[in-house]
Amino acid sequence: MSWTETRRFDQVAVGEDLPPLDIPISVRQIVSCAIATRDYQNVHHDLEATRALGSPNIFMNILTTGGLVERYIGEWAGPEALFRKVAIRLGAPNYPGDTMTMSAKVTAKGEAERTVELDVTGRNAIGNHLMATVVVALPC
């Protein structure tokens, strides 16, 4: 499937694994996404201030993480999917120079509202950056 194709509810099976997606993490991405989401905390753009606070480098904000989760699931589900729930727990920071690998598994289906629940993980070199539960409604 591609972004322009629509995934249908009956095409999805509980236990199905989504194809993984590797996302390289860069300084430009971290800083530009923090600015775009109006998150001006120094830990997302000021290396000296971030090191003074005990972190080895600047790191990604949660709004960028949320956008990447929605991109990943949205590309899998297609343009007619409706997000019903996105619940994210953060873990290890995403630092520049690393790669976050997104993966997901279908954990449940709701027949009445044609919803699909997925467990999503984003892993980098030091551990899980995110663990999320996402629910999307798919067309018939």
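Section: the pairing of strand 4 (residues 115-124)
On a regular strand, each side chain points to the face opposite its neighbour's, so the side chains alternate between the two faces of the sheet.
Part 1: As defined by bridge partners, strand 3 (residues 99-110) adjoins strand 4 across nine bridges and the pair is classed as antiparallel. Bridging from a neighbouring strand, T101 pairs with R123 of strand 4.
Part 2: Of the pairings in the sheet, the one linking strand 4 to strand 5 (residues 127-137) comprises 10 bridges and is antiparallel in character. Residue pairing across strands places N124 opposite G127, the latter belonging to strand 5.
Part 3: Linking strand 4 back to strand 5 in an antiparallel pair, the connection comprises two residues.

A closer look at helix 1 (residues 27-36)
Part 1: Within the sequence span of helix 1, burial applies to Q29, I30 and A34. One side of helix 1 carries all its buried residues, which in axial view fall inside an arc of 120°. Exposed and facing more than 90 degrees away from the buried side of helix 1 are R28 and A36.
Part 2: Buried residues along helix 1 sit in contact with strand 1 (21-24) and helix 3 (62-77).
Part 3: In the stretch just after helix 1, R38 is the one whose phi turns positive, near 60°.

Concerning the pattern of salt bridges
Part 1: Tallied over the entire structure, the rule returns three salt bridges.
Part 2: With a closest N to O distance of 3.9 Å, E80 and R8 form a salt bridge. Placement of E80 in the loop between helix 3 and strand 2 (82-90) and of R8 in the segment before strand 1 is noted, with a sequence separation of 72 residues between them.
Part 3: In this structure E80 comes out as partly exposed when scored by relative accessible area, which is 43%.
Part 4: For R8, a relative accessible area of 29% corresponds to the partly exposed category.

Considering the sheet that holds strand 3
Part 1: Read from one edge to the other, the open sheet built from five strands follows the order 1-3-4-5-2, with strand pairing classed as antiparallel. Among the strands making up the open sheet, the edge pair consists of strand 1 and strand 2. Recorded for the sheet is a direction-independent mean angle of 25° between the axes of neighbouring strands.
Part 2: Pairing of strand 2 with strand 5, which is carried by eight bridges, proceeds in the antiparallel orientation. Within strand 5, the residue paired with I88 across the bridge is A132.
Part 3: Strands strand 1, strand 2, strand 3, strand 4 and strand 5 of the sheet are contacted by helix 3, whose axis makes an angle of about 135° with strand 2.

Some remarks on unusual backbone geometry
Part 1: Located in the positive-phi region is R38, a residue other than glycine, with phi close to 60°.
Part 2: Counting through the fold element by element, R38 comes out in the loop between helix 1 and helix 2 (47-52).
Part 3: Residue classification places R38 among the exposed residues on the basis of a relative accessible area of 68%.

Digging into the environment of R28
Part 1: Residue placement: R28 occurs in helix 1.
Part 2: Between the alpha carbons of R28 and M100 there is a distance of 15 Å; along the sequence they are 72 residues apart.

Some words on the nonpolar core
Part 1: If you look at the biggest cluster of nonpolar residues, it comprises 28 residues, and the most contacted ones within it are I73, W76, M102, V116, L118 and V120.
Part 2: The set of elements that each furnish at least two residues to this core consists of strand 1, helix 3, strand 3, strand 4 and strand 5.
Part 3: The leading source of residues in this core is helix 3, at six residues.
Part 4: With residues near it in sequence (within four places) discarded, I73 still touches L18, F83, A104, L118, V120, V134 and V136.

What counts and how
- Residues numbered from 1 in each chain as written.
- Predicted model: local features only at pLDDT ≥ 70, side-chain atom pairs only at ≥ 80, totals over all residues.
- Heavy atoms only, no water.
- Pairing = 2+ DSSP bridges.
- Helix = DSSP H or I, 4+ residues; strand = E, 2+ residues; numbered from the N terminus.
- Buried < 20%, exposed > 50% of the residue type's maximum accessible area, 1.4 Å probe, protein only.
- Arc of directions from axis to C-beta.
- Contact = heavy atoms within 4.5 Å.
- Salt bridge = Lys/Arg side-chain N within 4 Å of Asp/Glu carboxyl O.
- Axes fitted to C-alpha atoms, helices over the stretch in contact; angles between N-to-C directions.
- Core = buried A, V, L, I, M, F, W, Y, C linked by side-chain atoms within 4.5 Å.

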